[in-house]
Amino acid sequence: MGIWVSAEYSCLQVQGVSYRAPGTQQNLLNQVTFSLPEKSLGLVYGRSGSGKTTLLQVLGGLAKPTEGSIYIQKTGLDGQLNQSPETLSASKVGIVFQFPERFFLADTVLEELTFGWPRQLEDQLLRQRLVMRLESAIRAVGLSGISLDLNPRSLSDGFKRRLALAVQLVRMPDILLLDEPLAGLDWKARTDVVKLLETLKKERMLIVVSHDLKEISPLVDKAWRMDMGGFLIEEPLFT
Ligand SMILES: Nc1ncnc2c1ncn2[C@@H]1O[C@H](COP(=O)(O)OP(=O)(O)OP(=O)(O)O)[C@@H](O)[C@H]1O
């Protein structure tokens, strides 16, 4: 087994992004600018109604910025910009909404994870690749021990949350956006999810909207406060 050293690293760059919902007069996001390197966790916190969820929707491609740009910049280890910036594609982003388990659609864990996949997969290679992605997502969230035939609604709250995360991981996103990932969980499940976020961060970028600053702070690489009106302000890390 060799050691593979990446010759470059990626950074998410959000530049002057504003968003106004169609038919409205007021910006919900105002000149939002920030960057986040790969394998790091960015925390967004702020008052209810300030625009945190709107930011996730814009980053995830569910709403188109009225102004500004969102891109990935690759940089060599020497600090040189390697290529021109790539516009962030929605297919590279997974969003886990608040209480994602409320939106489970299928009757088994397997169907929930493979929802939308073609029923008959003739192409063996594609089939193998999808199975590998499935196994890797299940492993990543620590669901390997459970039967894939279980009804998702029969799982404990913590396991439901893990499954919701796995549903996004199957898509192999480079960036995972999580809206209040600890909401509604008991202390044990919260501890498990925090551990899980720590593991997930080793492979990808995470942007987490949360009020639970104390529990998440050990994982945070960058923190921003969203002020009312959609103004994002970088804050020092909590210690
Ligand atoms: N489609 C829309 N059209 C008009 N206003 C909207 C739309 N979507 C959200 N808003 C408003 O935008 C503001 C920001 O909402 P958002 O849900 O992003 O806030 P939030 O910070 O995530 O709040 P919370 O912490 O309660 O989830 C709110 O005032 C909300 O009412």
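See the structure printed just above.
Counting from 1, residues in each chain are numbered in the order their sequence is written. For a predicted model such as this one, the threshold for reporting local features is a pLDDT of at least 70, and the threshold for listing and counting side-chain atom pairs is 80 or more; totals across whole chains, interfaces and linings nevertheless cover every residue. Water and hydrogen atoms play no part in the side-chain values, which are based on all heavy atoms of the structure.

*Asks:* Go over the sheet that holds strand β4 (residues 67–76), please, and point to the residues and values.
*Replies:* Here, strands pair whenever DSSP counts at least two bridges between them. Counting from the N terminus, the helices are the DSSP runs of H or I reaching at least four residues and the strands are the DSSP runs of E reaching at least two. In space, the 4 strands of this open sheet follow the order β2-β1-β4-β5, with antiparallel pairing throughout. Taken across any chain shown, the strands that pair with only one partner, and hence form the sheet edges, are β2 (29–37) and β5 (86–87). Strand direction decides the pairing type here: β4 and β5, joined by 2 bridges, are antiparallel. For Tyr-71, the partnering residue across the bridge sits in β5 and is Thr-87. Its contacts with the sheet put helix α1 (residues 52–59) on β1 (8–19), β2 and β4, and the angle it makes with β2 is roughly 65°. When checking whether two residues touch, look at their non-hydrogen atoms; a contact exists if any pair is within 4.5 Å. Lines fitted to C-alpha atoms define the axes here, with helix axes fitted over just the stretch in contact, and angles between the N-to-C directions of these axes take values from 0 to 180 degrees.

*Asks:* Can you explain the site of the ligand? Please cite residues and give values.
*Replies:* Neighbouring the ligand are Ala-21, Leu-28, Arg-47, Ser-48, Gly-49, Ser-50, Gly-51, Lys-52, Thr-53, Thr-54 and Gln-98. The definition of a polar contact used here is a pair of N or O atoms within 3.5 Å, where within protein one atom must be able to donate a hydrogen and the other to accept one, and adjacent residues in sequence count solely through side-chain atom pairs. Between the ligand and Ser-50, the relevant distance is 3.1 Å, taken from an oxygen atom to a main-chain nitrogen or oxygen of the residue. Here the open area of atoms and residues is found with the Shrake-Rupley method and a 1.4 Å probe, where only the protein chains shown may cover a residue. In isolation the ligand offers 650 Å² of accessible surface; the protein chains occlude 56% of this area. Throughout this entry, Asp, Glu, Lys and Arg are counted as charged residues, while Ala, Val, Leu, Ile, Met, Phe, Trp, Tyr, Cys and Pro are counted as nonpolar. The remaining residues, Gly among them, count as polar. Residue classes in the shell around the ligand are distributed as 2 nonpolar, 7 polar and 2 charged. By convention in this text, a residue qualifies as near a molecule or strand provided that one of its non-hydrogen atoms is within 4 Å of it.

*Asks:* Just give me the short version of the packing of aromatic side chains, but keep the residues and values in it.
*Replies:* Aromatic rings from Phe, Tyr and Trp, taking only the six-membered ring of Trp, are treated as a pair when their centres fall within 6.5 Å; an angle between ring planes under 30 degrees marks them as stacked, one over 60 as edge-to-face, and anything in between as tilted. Scanning the model with the defined rule gives 1 aromatic pair in all. Judged by centre distance (4.6 Å) and plane angle (50°), the ring pair of Phe-34 and Trp-224 falls under tilted. Taken together, the residues span a long stretch of sequence, with Phe-34 in strand β2 and Trp-224 in strand β9 (residues 222–227) at a distance of 190 residues. One exposure class covers both Phe-34 and Trp-224, and it is buried. Counting as a charge over the ring demands two things of the Lys NZ or Arg CZ atom: a distance within 6 Å of the ring centre and an angle within 35 degrees of the ring normal. Positioned above the aromatic ring of Phe-99 is the side chain of Arg-102, whose terminal nitrogen or guanidinium carbon lies 3.9 Å from the ring centre. We call a residue buried when its accessible area falls under 20% of the maximum for its residue type, exposed when it is over 50%, and partly exposed in between, using a 1.4 Å probe and counting protein chains only.

Just geometry here; none of it tells us what the structure is for.
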